[in-house]
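# Structural characterization, general
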2 protein chains.
Amino acid sequence: MKCTKCGSKAAVQMRQHKLALCAQDFLAWLPEQVERFIRKYRMFTRSDRILAAVSGGKDSLSLWDILWRLGYQVDGLYIGLGIDGGIAYSQKSQQLCEKFAAERGLRLLVVDVAETYGQPIPAMAERTLRGRDKPCAVCGLTKRHIMNRVARDEGYDVLVTGHNLDDEAATLLGNTLTWSVGHLVRQGPLLEGDGAGLVRKAKPLCRIYEREMAAYALLRGIEYIYEECPYAEGAKSLYYKELLNRLEADRPGAKLSFYLSFLEAKENGLFALQPQEVRERMHACPTCGQPTTAPGECAFCRMIQKVALENRT
Amino acid sequence: MKCTKCGSKAAVQMRQHKLALCAQDFLAWLPEQVERFIRKYRMFTRSDRILAAVSGGKDSLSLWDILWRLGYQVDGLYIGLGIDGGIAYSQKSQQLCEKFAAERGLRLLVVDVAETYGQPIPAMAERTLRGRDKPCAVCGLTKRHIMNRVARDEGYDVLVTGHNLDDEAATLLGNTLTWSVGHLVRQGPLLEGDGAGLVRKAKPLCRIYEREMAAYALLRGIEYIYEECPYAEGAKSLYYKELLNRLEADRPGAKLSFYLSFLEAKENGLFALQPQEVRERMHACPTCGQPTTAPGECAFCRMIQKVALENRT
């Protein structure tokens, strides 16, 4: 297989684009694509202050690398979850994020969950109904809360996450199999802020396949944590990813066309509700001030109080 | 495994309903379910004249049997497609429909495509772009046209088809993977007529699993054609069925919940358009008078003219 651009030996083949590229051309092509999607979905400009949520994994570190190379003003946010799993998962991923930032002279903000809220995620989860089986729901809630809080408090214009096409297609399939209206209406490359408490969120990698992101990290020499979170095993999202991988194997491009036809249908007014209408029903949490779906304290503050109470007794 | 109702040996197990039934209780239970769905979705009443499209397969013949046993006024419509496939497919299925009707003293209408339009389906398909690879698109178009025409001309109140849950879930998955707005908005247990040319259509088996329909036909002793249409091989619908079967195997009830959550979301106003709004954009074909999406002759009449023209030259 030869590089479509220069004819030398190809390193990455992308069947869905009928494209094969050598390492050098691939490393130029991928950021060009990301830049194209940033503009297409009007995510942010070079005058915006961007906060990238980084986990130490290939997607988020590559995203940070790409945005930095493209000349955007982007800081990193690492959230220390306190997950060990016998592989020092959180410790290792924090070190990788710190090393990445130091090597490029970039600013990394760190929030440690245990330091800030008294307990690491697994301990917190054990004390709540939400986390009885697995800490994933508690972890998701906590991360969303912290990401929004930090982006808002530190005055960032937009929060970016490293969700790739496989992530987005899996989420979409999950939301579709259950027809979760609110999630379907809000899913997309960009979720506008509401000018009150909810920060603008963007996913610049939403149209890039996971295997392309892995190739980027590898070819660019980015050190990232290879291990999945020890709690990810058996996660629904992995199940949906596998299902979509089978579909993709039978029909190259199926994953991308599923996601893009969804965006197009939404753009053409498929759904009765608009994302902002779903959000207009939101209220400010009296404790943290962040937006929540029901009046009264938000789910995160209620969880933190429950955990604190359990600790005291 | 014992029958949940009478404790004797169970013949059919339905994991998604946590139910196992003996032959006798199953043969009573399934029509009760169908009756429940006919009422729930306000499909028709005992004063309506019903036309059941029958193919000779397990679903449509069982549907006819069930509606007849439930005391509905229901005639059958068999469409002779002229498909041989080395197994005398159309001939055999027509004989089975005729035998079924004769045994029960029911009226069967027969439309033979070759007699009426000059060519059997496979020959017709070969002469059109639409049927270049496979006759399935031409066949679907022809059947929809004939079913609607006969139901309208003969003054039936509603046309019923034997689509089961597996069919509906596969169609839904296909429409979802491509986000086909028009199809999604119109898919459901009942499609209202428009009082002009489009006949009311209902699918009383839409919530019954395919394997339950097979069990019904078997236990009721209905003779049906076991073979799939020779052209069905490689059909997308079969591919989606297989995919959903894997999902169902991992999570009993997944297929049903996918379909039901879709109906519920639609009922709650998920989509911006209503089925009748999609239909308001329709026009009457100047040749056959049936509704079509674009002004001018409908796709069926255009196809028939093309086939006639090719024959003359």
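These numbers were taken from a predicted model, which means no experiment stands behind them.

Rules used throughout
- Residues numbered from 1 in each chain as written.
- Chains lettered and ligands numbered in written order.
- Predicted model: local features only at pLDDT ≥ 70, side-chain atom pairs only at ≥ 80, totals over all residues.
- Heavy atoms only, no water.
- Least-squares fit on C-alpha atoms with pLDDT ≥ 70 in both.
- Contact = heavy atoms within 4.5 Å.
- Buried area = accessible area lost by both parts, 1.4 Å probe.
- Salt bridge = Lys/Arg side-chain N within 4 Å of Asp/Glu carboxyl O.
- Polar contact = N/O pair within 3.5 Å; in protein donor to acceptor, adjacent residues only side chain to side chain.
- Helix = DSSP H or I, 4+ residues; strand = E, 2+ residues; numbered from the N terminus.
- pLDDT = per-residue confidence, 0-100.
- Axes fitted to C-alpha atoms, helices over the stretch in contact; angles between N-to-C directions.
- Parallel < 35°, antiparallel > 145°, perpendicular 65-115°, else oblique.
- Left-handed = near helix turned anticlockwise from the far one by under 90°.
- Nonpolar A, V, L, I, M, F, W, Y, C, P; charged D, E, K, R; others polar.

## Digging into the relation of the copies chain B and chain A
Both copies of the chain are related through a single rotation about an axis accompanied by a shift along the same axis. The two copies are related by a screw operation: chain B maps onto chain A through 180° of rotation and 0.0 Å of translation along the axis, at an RMSD of 0.0 Å. Here the two chains are linked by the operation of a two-fold rotation axis. It is B:Ala272 whose C-alpha, among those of chain B, lies nearest the rotation axis, at 1.9 Å. Of all interface residues in chain B, 100% are interface residues in chain A too; the two copies therefore contact each other through one and the same surface.

## Considerations on the interface of chain B and chain A
Taken together, the 24 residues of chain B in the interface contact 24 residues of chain A. When the area that chain B buries against chain A is broken down by residue, the three leading residues are B:Leu177, B:Trp179 and B:Leu270, summing to 30%. In this structure, the connection of chain B to chain A is made through zero salt bridges. Run the count over chain B and chain A and you get 10 residue pairs in polar contact (both at pLDDT 80 or more). Elements represented by at least two residues in the side of chain B that touches chain A include exactly α7 (165-177), α8 (181-186), α10 (236-250) and α11 (254-267) of chain B. The leading source of residues in the side of chain B that touches chain A is α10(B), at seven residues.

## Quick word on the confidence of the model for chain A
When pLDDT is averaged along chain A, the result is 93; 98% of the residues meet or exceed 70. At the level of chain-chain contacts, confidence expressed as ipTM amounts to 0.88, with global pTM at 0.91.

## Quick look at the packing of helix α2 (residues 58-69) of chain B against helix α9 (residues 210-220) of chain B
Residue and element names in this part refer to chain B. As a packed pair, α2 and α9 sit with axes 9 Å apart at the nearest point and diverge in direction by 65°. The angle between α2 and α9 places the two elements in the roughly perpendicular class. The way α2 lies across α9 gives a crossing that is left-handed. Judged by residue contacts, Lys-58, Asp-59, Ser-62, Asp-65, Ile-66 and Arg-69 of α2 engage Glu-210, Met-213, Ala-214, Tyr-216, Ala-217 and Arg-220 from α9. Looking at the contact of α2 with α9 residue by residue, the classes come out as five nonpolar, one polar and six charged.

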